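What follows is the residue order along each chain.
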Amino acid sequence: ICPFTQRSSTLLFPKICNIFWRFHHTSTSHLCSCSKTITDEKYQDPFQLGRKDLKNLYEDIKKELLVSAAELKEMCDYYFDGKGKAFRPMIVVLMARACNIHHNNSREVQASQRSVAIIAEMIHTASLVHDDVIDDANSRRGKMTVNRIWGERKAVLAGDFILSAASVALARIGNTTIISVLTQVIEDLVRGEFLQLGSKENENERFAHYLEKTFKKTASLIANSCKAVSILGCPDPKVHEIAYQYGKNVGIAFQLIDDVLDFTSCADHLGKPAAADLKLGLATGPVLFACRQFPEMNAMIMRRFSKPGDVERARKYVLQSDGVQQTTYLAQRYCHAATREISKLRPSPEREALIQLTEMVLTRDK
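Since we're looking at a predicted model, the values are computed, not measured.

Turning our eyes to something else, we now look at a nonpolar patch on the surface. Residues Ile 134, Val 190, Phe 194 and Leu 197 make up a contiguous nonpolar surface patch of roughly 420 Å² in combined accessible area. For the nonpolar patch, the leading source of residues is helix H10 (residues 176–197), giving 3 residues. Looking at the secondary structure, you find Phe 194 in helix H10. Residue class for Phe 194 comes out exposed when judged on its relative accessible area of 61%.

Moving on, we come to the packing of helix H12 (residues 237–264) against helix H15 (residues 285–293). Their axes nearest at 8 Å, the elements H12 and H15 cross at an angle of 75°. Taken together, the axes of H12 and H15 lie roughly perpendicular to each other. Residues Asp 259, Val 260 and Phe 263 of H12 form the contact with H15, whose participating residues are Gly 285, Pro 286 and Val 287. In terms of residue class, the contact of H12 with H15 is made up of 4 nonpolar, 1 polar and 1 charged.

If you walk through the whole model with that rule in mind, you get 7 aromatic pairs. Ring geometry for Tyr 78 and Tyr 79: centres 5.5 Å apart, planes at 45°, overall tilted. Each member of the pair Tyr 78 and Tyr 79 is classed as buried. Pairwise contacts between aromatic rings join Tyr 78, Tyr 79 and Trp 150 into one cluster. A cation over a ring is seen here: Lys 227 above Tyr 244, with NZ or CZ 5.7 Å from the ring centre.

Let us look at empty space enclosed by the protein. Counting across every chain of the model gives 2 cavities of 30 Å³ or more. In this structure, the largest cavity encloses a volume near 180 Å³. Lining the largest cavity we find 16 residues, and of these Gly 198, Ser 199, His 209, Leu 282 and Ala 283 sit closest to its centre. Breaking the lining of the largest cavity down by element, the ones donating at least two residues are H10 and helix H11 (203–233). Split by residue class, the lining of the largest cavity holds 6 nonpolar, 6 polar and 4 charged.

Turning our attention to the pattern of salt bridges. Inspection of the entire model under this criterion finds 17 salt bridges. Put simply, Asp 60 and Arg 114 hold a salt bridge, and the shortest N to O gap is 2.8 Å. One end of the pair, Asp 60, is in helix H4 (residues 57–64); the other, Arg 114, is in helix H7 (residues 111–135), and 54 residues separate them in sequence. Like Arg 114, Asp 60 is buried.

Every buried residue of helix H17 (residues 310–320) is accounted for by Asp 310, Val 311, Ala 314, Tyr 317 and Val 318. An end-on view of H17 places all buried positions within 130° of arc, on one side of the element. Facing away from the buried side of H17 by over 90 degrees, the exposed positions are Glu 312 and Gln 320. On its buried side, H17 packs onto H12, helix H14 (276–279), H15, helix H16 (297–302) and helix H18 (323–342).

Our next topic: unusual backbone geometry. Note: most residues except glycine have negative phi, and most peptide bonds are trans. With a phi angle near 60°, Asn 105 is a residue other than glycine that sits in the positive phi range. Mapped onto the elements, Asn 105 comes out in the loop between helix H6 (87–104) and H7. The backbone of Phe 305 sits at a positive phi, close to 55°, despite the residue not being glycine. As for its position among the elements, Phe 305 is in the loop between H16 and H17. Taking relative accessible area as the criterion, Phe 305 reaches 5% and is therefore assigned buried.

A separate point is the environment of Ala 353. Looking at where Ala 353 falls in the secondary structure, it is placed in helix H19 (residues 349–363). Relative accessible area serves as the criterion here: at 0%, Ala 353 is assigned to the buried category. With 258 residues separating them in the primary sequence, Ala 353 and Met 95 have C-alpha atoms 9.5 Å apart. Those residues in contact with Ala 353, other than ones at most four positions away along the chain, are Gln 44, Pro 46, Leu 49 and Leu 94.

Parameters and conventions
Residues numbered from 1 in each chain as written. Predicted model: local features only at pLDDT ≥ 70, side-chain atom pairs only at ≥ 80, totals over all residues. Heavy atoms only, no water. Patch = residues over 30% accessible without salt bridge, like charges linked within 9 Å, V, L, I, M, F, W, Y side chains within 5 Å. Areas by Shrake-Rupley, 256 points an atom, 1.4 Å probe, with all protein chains shown as cover. Salt bridge = Lys/Arg side-chain N within 4 Å of Asp/Glu carboxyl O. Helix = DSSP H or I, 4+ residues; strand = E, 2+ residues; numbered from the N terminus. Buried < 20%, exposed > 50% of the residue type's maximum accessible area, 1.4 Å probe, protein only. Axes fitted to C-alpha atoms, helices over the stretch in contact; angles between N-to-C directions. Parallel < 35°, antiparallel > 145°, perpendicular 65-115°, else oblique. Contact = heavy atoms within 4.5 Å. Nonpolar A, V, L, I, M, F, W, Y, C, P; charged D, E, K, R; others polar. Phe/Tyr/Trp six-rings, centres within 6.5 Å; stacked < 30°, edge-to-face > 60°. Lys NZ or Arg CZ within 6 Å of the ring centre and 35° of its normal. 1 Å grid on protein atoms, 1.4 Å probe; cavity = no way out; pocket = protein on both sides within 12 Å on 5 of 7 lines; lining within 4 Å. Points joined across faces, edges and corners; volume = space filled by probe spheres on them. Arc of directions from axis to C-beta.

Encoded structure:
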């Protein structure tokens with residue numbers, strides 16, 4: 001990640017993002033000032049800290065997917081192989097602990113809070129199965145996709161089944177507020193996919209469209225899962241808003257860096273083809289920023305890079321422009337906002353781990 005000087009970053013950051021930042025980021029700075037951002041807590045590795053609560057996570061998910069049809073079971077188990085980073089469940093259990101400690105110094109994760117972490121991973125995985133069908137993808141996490149092995153029709157049904165099992169687990173929590181919060185995620189995923197299928201002619205609208213799609217497809221799951229565990233652990237609406245805003249900002253930053261890696265990381269490292277978004281006709285952050293320096297990209301964006309040579313030319317323009325650096329800087333802005341939010345909670349190892357996580361989002365390479 002390229003460090004920027006204050007002067008150059010101000011120049012780099014286009015007006016459109018400042019406008020959209022104010023629109024999209026609801027400040028909660030007046031809510032609660034229980035602590036300072038910097039504390040004496042030592043460095044906390046989020047993965048180490050969250051591991052205890054995530055033990056047997058994938059076995060527990062497989063128990064939710066109890067099914068007699070052998071082929072369907074095999075398909076559902078395929079991505080729940082225990083080799084994923086469990087990034088989303090980890091954020092959820094760390095947020096649960098941070099909120100519990102903030103409320104009454106309880107250091108235990110409630111069973112219902114852990115269920116939210118399981119449900120979040122199930123919803124996420126179901127969305128991956130469906131995305132791979134829509135994108136006609138060949139590989140995911142370094143192995144063949146479900147649709148490539150079993151075919152598109154069965155893959156759609158497997159994704160549906162995982163979602164239905166997540167819904168059953170959600171109903172079992174027995175809290176109507178939590179059900180409402182987490183079903184919002186499923187609605188956002190569908191709306192986000194529809195947004196991705198369209199594009200805007202106007203340049204300013206296009207960036208707002210991109211960030212709204214990013215929120216719905218990626219950040220809503222993290223934001224609403226964090227909000228759900230905060231509701232279960234603490235009655236204070238201010239804390240619910242802090243949890244939501246942290247998850248939203250980290251989620252958007254995560255996707256922005258994902259969009260950067262599509263241009264800067266090799267296919268072997270990513271576990272999926274490089275320049276995959278361009279091949280799907282998608283104009284992500286680096287492309288939209290590059291378009292300001294190379295206006296000839298506008299026509300390519302509108303035809304979704306469908307002409308022969310469009311993908312290669314667009315990729316070359318992005319790498320010649322400051323699109324990658326601009327998108328990275330925007331991700332930094334979102335991570336700083338996430339840190340500001342979570343720093344309003346009482347100091348705890350989990351709170352520090354969530355702050356550390358924002359750095360890991362920015363510096364990841366796959």
